[in-house]
Amino acid sequence: MPRLGPDAGPIVAITVDGRPLEARAGDTVAAALVAAGRLGFRTTPRGRAPRGVFCGMGICFDCVVTVNGISGVRACVTPVAEGMRVDTGSA
Amino acid sequence: MARDGGIVVVGAGPAGLAAAAEATRAGVPVTIVDESRAPGGQFFRDRGPGRDTPGSGAARAHALKARLLAEIGGRDVTWLTGATVWSAIRPDLLALFREGRVELVRWQKLVVATGAYERSVAFPGWTLPGVMTPGAVQILVKAHGVAPGPEVLLAGSGPFLWSVAEELLLTGVRVSGLVEAGRPARWASGLLTAARHPARLAEAWRYLRVARRHRVPVRLGWAVVAAHGTDRLEAVTVSRVDAEWRPVPGTAQTLPATALAVGFGFLPSTELTRHLGCAHRFDELRGGWVPGHDDRMETDLPGVYVAGEVAGIGGAHAAMAEGRLAGLAAALALGSTVASPARLAELQRARRRAREFGDLMLRIFRFQPGLGVLVQDDTTICRCEEVTAGQLRARLGQTEPDLRSLRGVVRAGMGLCQGRTCGRLVAGLVSATLGVPEADLGMLTVRPPFRPIPVAALAGIPADVLEEAARVADSSADDAALAGF
């Protein structure tokens with residue numbers, strides 16, 4: 001999906017599961033992933049069910065990913081930073 | 001060790017900013033705490049000056065926020081943004097997590113303006129990626145210019161759906177349909193009340209006009225009853241619903257959809273007031289359990305004020321009116337000689353007026369229990385702990401039917417969200433199964449930390465405070481306070 005509305009911010013380079021991704025300044029991790037067409041961020045530990053952004057405001061903890069090695073980070077309230085390593089998958 | 005915060009305002013949305021504006025104007029030191037890095041809460045979330053979609057709700061809200069921030073301006077105010085309140089170690093001592101460390105803030109007066117979150121209904125497929133709340137989609141679009149797909153289906157109930165539709169359409173996202181469970185057209189009798197609120201009516205008119213201009217198919221008295229897909233959403237089934245929102249047999253239609261925004265209004269975010277021990281009452285219309293308060297917004301705990309959605313759902317304008325009232329009342333109670341008691345009466349009138357419109361919207365879009373029948377035995381009800389409705393039903397006879405006991409038995413509400421998403425779903429299911437009113441099922445107790453914080457950060461808490469916290473926990477019948485450490 002192209003960015004909508006007024007000018008997008010400058011590019012911020014992150015990696016997602018080892019692959020480079022161009023996010024934009026001001027993006028949350030969730031926004032960067034969704035912009036890249038990723039809706040599912042992880043599978044659940046028991047039911048192996050896919051999950052992604054649900055509440056989008058830090059309430060529900062469904063969108064958790066691993067950021068720079070720290071697991072359980074809410075993608076929807078975590079801003080991207082240059083060089084950030086994001087790992088999706090199980091959590 | 002603890003910072004002296006004067007009047008501490010928790011939450012920098014419409015209510016919190018209004019409280020801070022009024023209190024700083026009264027010459028009292030104010031500390032504003034918010035989890036986000038930028039003030040504004042969800043309602044005032046935007047892309048920054050001049051970057052909002054022209055003519056959109058975000059752009060209009062931006063102007064309102066700018067006025068509030070200008071009013072707070074250079075007065076005696078401390079901003080603690082990016083700060084999560086995760087516990088109250090003593091009633092007058094809030095524990096924050098900020099920039100990787102624990103900080104303590106002592107308040108002389110506390111204004112809790114923690115807002116609300118969206119109300120969900122469980123249905124088969126509601127955990128699939130691509131199914132989100134309308135607020136989630138709105139934030140992606142208005143704060144980041146990112147859409148979850150080329151088109152979005154909006155569903156649920158309440159005026160918020162229309163404001164999200166407007167935001168999406170003006171930003172260039174197609175809205176493939178607006179599915180509202182209620183039948184607002186039947187509420188012509190509310191017109192007399194509505195006529196007293198021309199500004200709000202103009203807003204509603206704008207939403208309708210934008211939706212019409214973009215030829216959004218609107219279904220009133222319909223609901224999404226299932227979402228389909230393997231790894232992500234592929235289709236949804238909608239069905240006509242009756243006045244109690246029970247699906248009408250034989251009316252189901254399946255539509256392709258890659259993004260569904262579904263929500264049923266809002267619930268008050270009461271973790272802090274519950275943890276502090278404020279008395280709560282069940283106000284079905286305004287979103288369930290809410291902290292009680294007097295006509296100055298003070299709760300039964302002296303010095304603790306509430307304002308906005310946390311005190312009962314009512315919209316941003318009611319929130320701003322209550323914020324001002326709470327901010328002024330707190331300043332007067334602190335002995336401000338600048339604040340005028342005459343203004344108190346004026347703000348109380350403004351509050352009643354704003355609540356009148358909020359209540360009208362809540363009556364028109366009143367939540368109905370009928371969609372509870374959508375929950376199958378294998379439908380997830382607690383997303384965090386992956387508890388299904390079947391597991392919950394199977395254990396119902398084995399414990400007291402209150403939410404706390406059930407949490408102990410089936411883990412629903414035990415997860416990271418602390419029951420914010422599933423609390424009312426569990427309550428609704430138990431209520432329907434056992435025929436017990438929701439108000440009799442009690443509230444979930446709050447276990448600090450309300451939001452997870454790294455264990456290492458606790459090392460920064462001074463020993464005397466930890467001892468005090470342990471003493472408070474020991475003397476309490478509740479297991480909650482200690483469990484947080």
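Each remark here, short or long, concerns the structure printed above.
Residues numbered from 1 in each chain as written. Chains lettered and ligands numbered in written order. Predicted model: local features only at pLDDT ≥ 70, side-chain atom pairs only at ≥ 80, totals over all residues. Heavy atoms only, no water.

1. Focus: the overall build of chain B
The helix and strand tally for chain B stands at 14 helices and 23 strands. In terms of C-alpha radius of gyration, chain B reaches 22 Å, essentially the compact-globule figure of 23 Å for 485 residues. Expressed as a percentage of the 485 residues in chain B, the buried residues total 59%. Counting contacts in chain B only where the partners sit at least 6 residues apart, residues at least 24 apart contribute 66% of the total. Summing over all exposed atoms, chain B offers an accessible surface of approximately 19000 Å²; the carbon and sulfur share of this is 54%. (Helix = DSSP H or I, 4+ residues; strand = E, 2+ residues; numbered from the N terminus. Rg over C-alpha atoms; globule rule 2.2 N^0.38 Å. Buried < 20%, exposed > 50% of the residue type's maximum accessible area, 1.4 Å probe, protein only. Contact = heavy atoms within 4.5 Å. Areas by Shrake-Rupley, 256 points an atom, 1.4 Å probe, with all protein chains shown as cover.)

2. Points about the pairing of strand 5 (residues 83-90) of chain B
All names here are of chain B. Among the eight residues in strand 5, seven count as buried, and that is most of the element. As paired strands, strand 5 and strand 6 (residues 93-98) are joined by six bridges and run antiparallel to one another. Residue pairing in the sheet places serine 87 in a bridge with alanine 95 of strand 6. (Pairing = 2+ DSSP bridges.)

3. With respect to the nonpolar core
Residues and elements named next belong to chain B. Counting 58 residues, the largest nonpolar core has Ile7, Val8, Leu94, Leu96, Leu110, Val111 and Leu272 as its most contacted members. Examining the composition of this core, we find that nine residues originate from one element, helix 8 (residues 316-333), more than from any other. Not counting residues within four places of it along the chain, the set of residues in contact with leucine 94 comprises Val8, Val10, Ser87, Ala88, Glu103, Leu104, Val105, Trp107, Leu110 and Leu272. The next biggest cluster of nonpolar side chains, apart from the first, holds 54 residues, and it includes Val225, Val236, Trp245 and Val387. (Core = buried A, V, L, I, M, F, W, Y, C linked by side-chain atoms within 4.5 Å.)

4. So, the environment of Ala226(B)
Residues and elements named next belong to chain B. Along the polypeptide, alanine 226 turns up in strand 14 (residues 222-229). Taking the C-alpha atoms as reference points, alanine 226 and glycine 125, separated by 101 residues in sequence, lie 5.9 Å from one another. What alanine 226 contacts, discounting residues up to four positions off in sequence, is Phe123, Pro124, Ala235, Val236 and Thr237.

5. Things to note about the interface of chain B and chain A
The interface of chain B with chain A comprises 47 residues on the first partner and 38 residues on the second. Approximately 3300 Å² of surface area, both sides summed, lies buried where chain B meets chain A, with 58% of it carried by carbon and sulfur atoms. A per-residue breakdown of the area chain B buries against chain A is headed by His144(B), Arg383(B) and Glu386(B), which together make up 18% of the total. One salt bridge in this structure joins Asp62(A) and Arg383(B), with 2.6 Å as the shortest N-O distance. The interface formed by chain B and chain A contains 13 residue pairs in polar contact (both at pLDDT 80 or more). Elements that contribute at least two residues to the side of chain B that touches chain A include exactly strand 9 (116-118), strand 10 (131-132) and helix 3 (134-144) of chain B. The dominant element in the side of chain B that touches chain A, judged by the number of residues it contributes, is helix 3 of chain B, at five residues. For the side of chain B that touches chain A, the class distribution of residues is 18 nonpolar, 16 polar and 13 charged. (Buried area = accessible area lost by both parts, 1.4 Å probe. Salt bridge = Lys/Arg side-chain N within 4 Å of Asp/Glu carboxyl O. Polar contact = N/O pair within 3.5 Å; in protein donor to acceptor, adjacent residues only side chain to side chain. Nonpolar A, V, L, I, M, F, W, Y, C, P; charged D, E, K, R; others polar.)

6. Brief notes about the pattern of salt bridges
Summed over all chains, the structure comprises 31 salt bridges over all chains. Of the charged contacts in the structure, one is a salt bridge between Arg42(A) and Asp62(A), with a shortest N-O distance of 2.9 Å. Separated by 20 residues along the polypeptide, Arg42(A) in strand 3 (residues 40-43) and Asp62(A) in the loop between strand 4 (50-52) and strand 5 (64-67) bring together distant segments of the chain. Arg42(A) sits in the buried class, given a relative accessible area of 9%. By relative accessible area, Asp62(A) is classed as buried at 0%. Close ionic contact of Glu385(B) with Arg411(B) constitutes a salt bridge, the shortest N to O distance being 2.8 Å. Here Arg411(B) lies in the loop between helix 11 (403-410) and helix 12 (423-434) and Glu385(B) lies in the loop between strand 22 (380-382) and strand 23 (387-388), a separation of 26 residues in the sequence. Its relative accessible area of 13% is what places Glu385(B) among the buried residues. Classification of Arg411(B) by relative accessible area gives partly exposed; the value is 39%. Among the charged side chains, a salt-bridge network with shared partners connects Glu22(B), Arg25(B), Glu71(B), Arg324(B), Arg343(B) and Glu346(B).

7. A short note on unusual backbone geometry
Excluding glycine, residues mostly have negative phi values, and the peptide bonds linking residues are mostly trans. Residue and element names in this part refer to chain B. Omega for the bond connecting proline 448 with proline 449 falls within 30 degrees of zero, at 0°, which places this linkage in the cis form. Its identity is not glycine, yet arginine 215 carries a phi of approximately 55°, on the positive side. By secondary structure assignment, the location of arginine 215 is in the loop between helix 6 (198-213) and strand 13 (218-220). Assessed through its relative accessible area of 72%, arginine 215 is described here as exposed. One non-glycine residue, tryptophan 245, lies in the positive phi region at around 65°.

8. A closer look at the sheet that holds strand 13 of chain B
Strand-to-strand pairing in sheets goes through backbone hydrogen bonds, with the strands running parallel or antiparallel. Residues and elements named next belong to chain B. Pairing in this open sheet of five strands is parallel, and the strands run 10-17-11-12-13 from one edge to the other. On the outer flanks of this sheet lie strand 10 and strand 13, each paired with one strand and no other. Where strand 10 lies against strand 17 (residues 260-264), two bridges are found, and the strand directions are parallel. Note on strand 17: the bridge partner recorded for methionine 132 is alanine 261. Against the sheet, helix 4 (residues 159-171) touches strand 11 (151-157), strand 12 (174-180), strand 13 and strand 17, its axis set at about 175° to strand 12. (Axes fitted to C-alpha atoms, helices over the stretch in contact; angles between N-to-C directions.)

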